[in-house]
Amino acid sequence: MHTQYELLEQNMEKLSGLWLVLNLWCLTVISSQSIDQVPQVPCFFIFGDSLVDNGNNNQILTLARSNYDPYGIDFSQGATGRFTNGRTFVDILAQLLGFPNYIPPNSRTMGREILRGVNYASGASGIRDETGNNLGDHMSMTQQIGSFARTVQQMIRFFRGDVAAAGNYLNKCIFYSGLGSNDYLNNYFMTDYYSTSSNYTPSAYAAALIQDYSKQLTELYNLGARKVAVASVGNIGCIPYHLARYNGNDSKCNEEINRAVELFDVGLKNLVDRFNNGQLRGAKFVYLDSSQASQELILNAKSYGFEVFDKGCCGVGKNNGQITCLPLQTPCDDRGKYIFWDAFHPTENVNILLAKNAYSSKSKSFAYPINIQQLAML
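These numbers were taken from a predicted model, which means no experiment stands behind them.

*Asks:* So what's going on with the overall build of the chain? Residues and values would help.
*Replies:* For the chain, the helix and strand inventory stands at 14 helices and 9 strands. Here the chain holds 378 residues, and 54% of them are scored as buried. Taking contacts inside the chain between residues at least 6 apart in sequence as the whole, the part at least 24 apart equals 72%. For the chain, the computed accessible surface area is about 17,100 Å², with 52% contributed by carbon and sulfur atoms.

In structure tokens, the structure reads:
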């Protein structure tokens, strides 16, 4: 140990790295806590795409699935359908909120389990119903909300038919929604399959997405959601998939894609303001800024232990992004040094940092206007 302390004195960056290890250890402890602990909110409902899908696509006919090795190589339950090497963003968020178990996928949630929450997220899904059809079957946001509506009817039965009591219970729960990435990845910028980019300018498309998303989030509100966190799309022009296809000289990222997505993100933040300023009475929405959080990771990469920013830990071709991680493929050895697990998705260590920022950061750059811990306390 004396050698470690000498290094700490010589180089403060090592201290930051030690804090990261400590944080990771703390979250490991969280995952093994007693099932008797009391969560900060009664339930947690999750809507989204492959970034937070934890197995809903396993039994459907789709290319957007990950229930095979080496996915889940660092996860206690193995390859469950999570699109990363370990825990997802919402797995960690559930732990931070005090839930003793991960929120189960809708595809295998039974009975009174629904009272603790359900994960409806589906890989390849988007705000628009046609998004992701190029990859096969999936549950769009419209379908996910339909599933939640059925869950609400089930919950009412557990409250002996008392609609008001069920509504009061749901009002206390946390809702997370992270959509929009595939509306660009597997729609607008996939011109061989979709004509969307011919029908909309980037500005008009962002406005159309926000209009549709506003209706969907309002529907969640009408079904009982009052504490809602929504995630922006972020810089998807910088993921290995797009880096493998981009030949630009001015930037390592495809800034055309990033600029288009930024229009959506600005619109989403404005939507959160409208909802909070009286459009949805009694609700509180939180905007999670994926772009700011990602930029912070890059700026402080060394202190977090990251060394590889532009390649997937598992994948094929340029940047390991031309083809995503294949069944039984051997991934990189030191996954803690990688930002990206595959062509599209972050590693568990990135998910840990993003979830902690969303949950407890005091900076409104990451969570606006309050963080998720504060949202839970309302």
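*Asks:* Hey, could you go over the packing of helix H4 (residues 141-158) against helix H5 (residues 163-171) for me, with residue numbers and the actual values?
*Replies:* A pair of packed helices is characterised by two quantities: the angle between their axes and the separation of those axes. In the contact formed by H4 and H5, the axes pass within 9 Å of each other and the chain directions differ by 120°. When the axis of H4 is compared with that of H5, the two are oblique. As H4 packs across H5, the resulting crossing turns out to be right-handed. In contact with Phe 148, Val 152, Met 155 and Ile 156 of H4, H5 contributes Val 163, Ala 166, Tyr 169 and Leu 170. Of the residues that constitute the contact of H4 with H5, the class distribution is 8 nonpolar, no polar and no charged.

*Asks:* Can you tell me about the side chain of Asn 58, naming the residues and giving the values?
*Replies:* Looking at the secondary structure, you find Asn 58 in the loop between strand S1 (44-48) and helix H3 (89-96). Exposure remark for Asn 58: the relative accessible area of 12% places this residue in the buried category. Setting aside residues no more than four positions away along its own chain, Asn 58 makes contact with Arg 65, Asn 67, Thr 80 and Gly 81.

*Asks:* Tell me about unusual backbone geometry, and name the residues and values.
*Replies:* In this chain, Asp 69 is followed by Pro 70 through a cis amide linkage whose omega measures 10°. Relative to the assigned elements, Pro 70 resides in the loop between S1 and H3. Going from Tyr 368 to Pro 369, the amide bond is cis rather than trans, its omega being 0°. If you check the backbone angles, Ala 124 has positive phi at about 85° while not being a glycine. Residue class for Ala 124 comes out buried when judged on its relative accessible area of 3%.

Conventions and cut-offs
- Residues numbered from 1 in each chain as written.
- Predicted model: local features only at pLDDT ≥ 70, side-chain atom pairs only at ≥ 80, totals over all residues.
- Heavy atoms only, no water.
- Helix = DSSP H or I, 4+ residues; strand = E, 2+ residues; numbered from the N terminus.
- Buried < 20%, exposed > 50% of the residue type's maximum accessible area, 1.4 Å probe, protein only.
- Contact = heavy atoms within 4.5 Å.
- Areas by Shrake-Rupley, 256 points an atom, 1.4 Å probe, with all protein chains shown as cover.
- Axes fitted to C-alpha atoms, helices over the stretch in contact; angles between N-to-C directions.
- Parallel < 35°, antiparallel > 145°, perpendicular 65-115°, else oblique.
- Left-handed = near helix turned anticlockwise from the far one by under 90°.
- Nonpolar A, V, L, I, M, F, W, Y, C, P; charged D, E, K, R; others polar.

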